[in-house]
Amino acid sequence: MPATVGDHSANSSLSIPRSSTDGGASHGTVTPTTAQSVSGISWSTSDSTLAPEGKGRLSSFDVQLQMLTDQLKVENRIKEGAENLLQMPLNDALRSQVESELATAMKKIQAIQKSMESLTGRGVRKRSNETNGSGKRKFTGQPLQATAGWKEEGTERDDFRSAMHQANSAIKNLVHLSRHHSHSHANSAVPSPSTSPSTSTLPNPATATEAELNRARVDTMAKLITILQRNLRVRYELDVGEVVHAVLPSLADKATKQARATAYRLIRHSLVDTHSVRRLGEQHLDWYIVKSLSRDNKHTVEKEQVIKLIRSVVDIGSERHSPHSAIGSGTVPLSDAVMRALIAVAEYPEDPFKPICVQTLTEILLIDIELMARNGGIRVLLHALAEGPSEMAPLLAAAFLHIVDSPKTRVYLNPGTDFELAFSGITDAYGKGFEHKEKVQSCCRIVSSMLRTWSGLMYCCINDMTAIRVVIDCLRIPSLEQRELILDMFFDLLNIKTPEWHQPFIDGRRLTMYRRPRQSADLGHHYEIPHRPQDTLKLTDQYIALLILVFSKAGLLDALTSMLEESSVGSPLSRKATLLMAEVLQKGNRVLPLSIAARIQALPRVFNLASDYHDNEHRIVGSLAMAAIDSVNRQCSRLEPTVKGDTRPRANSIEDSVRRGQRQVEQAKLKMSMQMDDKAFQALLLETQVMLTKDHMKWNFETLQDLIEGPLHNPKRMEEAIKVSRYIRKLMSFFHPFAHRFCDLPNTKPNHRWVRLGCSLLNALMASQDGIRFLQEDDFLGQLVKSFAQLDPFTPAPTPDPIFSKKRMQETLTCGYLEMLGTLSKRQEGVDLLERFKLITAFYHLTELRSREDLIKGVIENLDYSIDGHSRIVLSKSLTSVYKHVRHFSTNYLGGLIRGSQVAHAWMLRLLLTQLYDPAPEVRELAVRFLEEACESTDVLQMVVEMQPTLDHLGEVGHPLLLKFMSTPTGFRFLYAADYIDREMELWFHERNLHYVVHIEVFLAKAFSQNPSEDDEDDVLAFDGIVPPHFYGVMAKTELGCEVLQEKGHFAEFAHFIRRHGLESEDQEVIFKLKSVLWAVGNIGATERGLPFLEEEEIIPAILEIAEQSLVLSVRGTCFFVLGLISSTPQGAEILDDYHWEATLSPLGLPTGLCVPVDVDKFVSVRPQLLALIVLQMLMCIQIPHWDCVASEAGEDNRLAPPESDEEMEVMTAIYNLANTVIANSASRSLTKMRSKPEYRHIFSSPSMFYRALHTISSQKYRLPVRRYIFDLFNIELDADVVRELGECAVTLLAPPVPAAEASEPTPVAEEKPGATAAASSSFRPMPARHHVDESDEEGSDVEEQEAVARKPRAPVMSLRPKSRIIGFS
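Residues numbered from 1 in each chain as written. Predicted model: local features only at pLDDT ≥ 70, side-chain atom pairs only at ≥ 80, totals over all residues. Heavy atoms only, no water.

A. Molecular detail of the environment of Asn1220. Structurally, Asn1220 can be placed in the loop between helix 62 (1206–1217) and helix 63 (1224–1236). Sequence-wise, Asn1220 and Lys1261 are 41 residues apart; in three dimensions their C-alpha atoms are separated by 9.3 Å. (Helix = DSSP H or I, 4+ residues; strand = E, 2+ residues; numbered from the N terminus.)

Structural data, given as structure tokens:
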């Protein structure tokens, strides 16, 4: 039994251990004088009453605590004595006196405990204040330690005993309150609690009114609920039978709705495990629950609690399927009566609890589908999927897709009719107007989610793709306003991203205008360094290839052409259809094999229209469509991103002539400026205004820029500008930090031209010896060194406003100095200058500054690392800084350098490998990511492997990197020597193969989800659709890896498993392992060295057989992806071609890793499933496009004997007819007339007829208002006596069993279950034997019954089917 204890604060925060269990009250008498009054004691805490503390003397605080402890011991002994006395047989007067003393003792105990709690809190605060005030720790004596010991040792025991006593007292009070209600239960066999509570405060059941009793019951049940919530152990100790017996009067119709709600809540809180649910099932609460669920919206508080109780029963008491069993094969302990009542609520659109009931039924569907099918719940959920609420649609769609995946559960759906209800929002939209838009949107989301899963796609392909054809044919209806939503659905399904130019195209504007250079530059920058080549195909692309095949076969392109024919002028909708057509053609050209893509590209109908010279309108439509498709293709090719590593300007660009002209102008301009004569040069110097004024605002910036970038690069002109006119000195003084001219300019975009000018000036100075000599003599670099020195925290005289303060770096052009220093670091002469002026030393000091990451980042970003020297050392120092954020930024910048470099640099890789050992996990993960990306290049990978880094400490983060190392011979030998290969091979064989399946399937689910969250988007970006590396696949890339794989024999085991379990359809664990084995085999076959393994074992035909014949649709999908992997090599593509699976090739003729079946129908068709044990090979030979549905509603297991009188038969017949909506009104009028006639009145007060009515609504489909009406017909109020009579009727009215000879004959009626009587009156049924009943319509069932009766003469029995006799018509 669990020893979990709940919240102890419910009773006390400090418990005292009992020193004796037989106190003064144990001798049989208790007098009021034995107890001291707690209320008379005054606990003063003022300073005047505190005794002086001294050595060997207790403080006043301890004295008070000791007094309280002694008093609590006395009261506990009184309480225990009183409890012991109550166990003995006492007369009423003495028992009343003892109970009064017990109540008084309990109150005093609570008062003492509260006083001790507050006193203890004050004492602790006082002592902490004394400690803090004096700075010395005092010894505070023993009593507090003893108190702590009490709490540790006795609190759990005392708290549980107290809570258990209170719970038993509450149950006893409830039993006491129910005595007047049913005297027959006074001596019932239900065991009573161990102690008798005080009932002195309760109303006298004999004299109190019903309202007072209801209030007392509600208060008592609320207290008991509080106890159960706070103490879990009490819930395990209580017997559910006792609780139900105590609350039965509160469930009766005479009780208030608040009492019934509280009773259901109490029962729910008493359920803890399957045993308690089973115990609850023995209490016959069926009809109470059914009645509560049938009440109207005035009783929402009661219905809420009864629904919560049902959900708790489903959650706690259900037996889920084991890993080896099929989906939906568990058991939910709810009877058919309760299920029918719950389904009626879920079906009624005006009931506020419809959504939660639909959700509950969905959960039951996934646990026990047979229970749902037997009671008609599947049909209700299908209607909810089609009609709403829309927020439930994704949940319902996911549940049904899960059901469709498995053959054992798929048979509960009628193929071609049931699941297709979800499409009704689209197919019924005709004539509904634009207000139907929201429903169409919701329906499009459902259809999209269905077609994004294997089970949904293959289900929609049965019956020659009828479901998909119906949706596509909706595009042909000219007056359907919602067609744009359907087009959007196809854009979404085919993963077609809508760029900015889509909307101008739909609006009818031309796309042939030239792009501006700015746009092209931005675009080029955006795609400059993609993570992977843009033309890499993904797993999602292979699925989209299949979707395009299916849609084109279902007539999508033909339907789009029909939309174009509607108007020769064109409309936004027709242009959107043209756009979809163009995108489908372009995507098909990319992901489909050439032969299949060519058939789609042909567009025969569009070409026929364009060449129809007999009808001008047709020719206009066809020509416009072809021109628009051509325009879209040209736009897409023009906007294609550049390929990584290809920086050579292309001559086929429209901007090539512009670039060439600009380059020629610049060269001519530079040549002219270099050949300038003296007069022109002097005039140019004067024109800049630098010699005339210090105000930079009056300088001619354009002339100054031309001067620096032109003539000053001539050493002769530079010498003249330095020595003769002192021009450079005046210009350079503008940039001196202490001049506060340049560095005080605001940091705005226009002012950044001065930073660029300064960099150009430094470049010009370093181009000549005179310029270098000038920089050595000028104060510019010296003042920068002094400015950096101002930041030294140990400087004797700190500067109040340093040049490189954080504020100035953000608001002024001071940040430009770092860019200018970076310009110096690009040339060896500049590096020498930085060393000479000790600026490098300043950089080293900057990396150690605590809060100046802005300066550190600026230095790292602007330094040039092409020259081996101090710049790289500065970067290395920042990579190993003591501050994590600096290391993180530096690692990120280093990764950008590696990504942007055209060739691999060993020094960069060494620095990045150093970051793999960083103490911060974030930095290590960042370094791993950059290193993994860099290792995409074979040269880089080889270089990294030769460095032999140790990666064991990285754990899971380093696995992708180690797999990269394994793909090279050198790396494999290195890891094999380190025993990594053997260790990982065992892990993958037993565990990680399964993890790999989860990883891929979760990615595909997120990639295809309708509304992914931000976290999901991050995950999808992290795994961008390329098949993640598989250990066995990487092993097969090297010769040594193949030898190890052959030696271990793992592949042979994989092949054996596939052959043995390839067509498994029930055992979920085997199916999951089969998927993992298939992925392993596919990854091995995706390499040229691994393909011989597949050929040797001849496993490819077995995989193809699974792909075309497996009854589990998700396994077929796995085979589809695996065959794509096998087609990644030319040899694999050639082998698959022999089996009529064609691989997609690149323009160079190399396989891309995509593969589709030539005969798509053979792959997506779903074969029939039969429940009989038929040999699977025989099953595969039958080409039937659908299966037989086995779901049956209203099995007649518990048929009743016929009514005895004609009046009873008429009443029951009218009640049967209420289920028929056509004649329900007439039947209700007949029942109303009967109820008013004297000869029928006794029927509506008869428990047996009431049971017949309840049995009927519990085994047939009745709408919620009709169920409510049937309850209101009878003048019977539910209570314990009525429920007991109904239980007796369940036995007496049961029809006699069918003789064995008759039972052996085939009948449409299922064999009667053992224990059917119990099931008729218990809401928590026993675990039934699995069987299926063939479904038939109502008329057919009636005919079969009549034939069966005619064949075998026997006593007539009453059928639950609606009768053909109608009362109320002449």
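B. Structural view of the packing of aromatic side chains. Within the structure shown, the criterion is met by 38 aromatic pairs. Positioned over the ring face of Phe160 is Arg233, at 3.8 Å from the centre of the ring. The ring of Phe701 has Arg753 sitting right over it, with the charged end atom 4.5 Å from the ring centre. (Phe/Tyr/Trp six-rings, centres within 6.5 Å; stacked < 30°, edge-to-face > 60°. Lys NZ or Arg CZ within 6 Å of the ring centre and 35° of its normal.)

C. Expanded view of the side chain of Lys303. With respect to the secondary-structure elements, Lys303 resides in helix 10 (residues 300–317). Judged by its relative accessible area of 0%, Lys303 falls in the buried class. When near neighbours in sequence (up to four residues on either side) are disregarded, Lys303 contacts Ser292, Leu293, Arg295, Asp296, Asp351, Phe353 and Leu1264. (Buried < 20%, exposed > 50% of the residue type's maximum accessible area, 1.4 Å probe, protein only. Contact = heavy atoms within 4.5 Å.)

D. Local environment of the pattern of salt bridges. Tallying each qualifying case throughout the model produces 42 salt bridges. Residue Lys408 pairs with Glu1066 through a salt bridge whose shortest N-O separation is 3.9 Å. Linking Lys408 in helix 16 (residues 407–410) with Glu1066 in the loop between helix 54 (1050–1061) and helix 55 (1068–1085), this pair joins segments that are 658 residues apart in sequence. The class for Lys408 is partly exposed, based on a relative accessible area of 36%. Among the salt bridges present, the one from Lys1162 reaches Glu1108, with a minimum N-O distance of 3.7 Å. Taken together, the positions of Lys1162 in helix 60 (residues 1160–1164) and Glu1108 in helix 57 (residues 1100–1109) put the pair 54 residues apart, joining distant regions of the chain. By relative accessible area, which is 43% here, Lys1162 ends up partly exposed. Looking at Glu1108, the relative accessible area reads 14%, which means it is buried. One salt-bridge network, held together by shared partners, links Asp253, Arg260, Lys291, Arg295 and Glu302. (Salt bridge = Lys/Arg side-chain N within 4 Å of Asp/Glu carboxyl O.)

E. View of a positive patch on the surface. Taken together, the side chains of Lys694, Arg726, Arg729 and Lys730 define a basic patch exposed on the protein surface. Looking at the secondary structure, you find Arg726 in the loop between helix 33 (715–724) and helix 34 (727–733). (Patch = residues over 30% accessible without salt bridge, like charges linked within 9 Å, V, L, I, M, F, W, Y side chains within 5 Å. Areas by Shrake-Rupley, 256 points an atom, 1.4 Å probe, with all protein chains shown as cover. Lys, Arg positive; Asp, Glu negative; His and termini not counted. Charge placed at Lys NZ, Arg CZ, Asp CG, Glu CD.)

F. Structural view of unusual backbone geometry. Although it is not a glycine, His284 sits at a positive phi angle of roughly 55°. Position of His284 among the secondary structure elements: in the loop between helix 8 (274–281) and helix 9 (286–293). Non-glycine residue Asn463 carries a positive phi angle of around 55°. Inspection of the secondary structure assignment puts Asn463 in helix 20 (residues 462–473).

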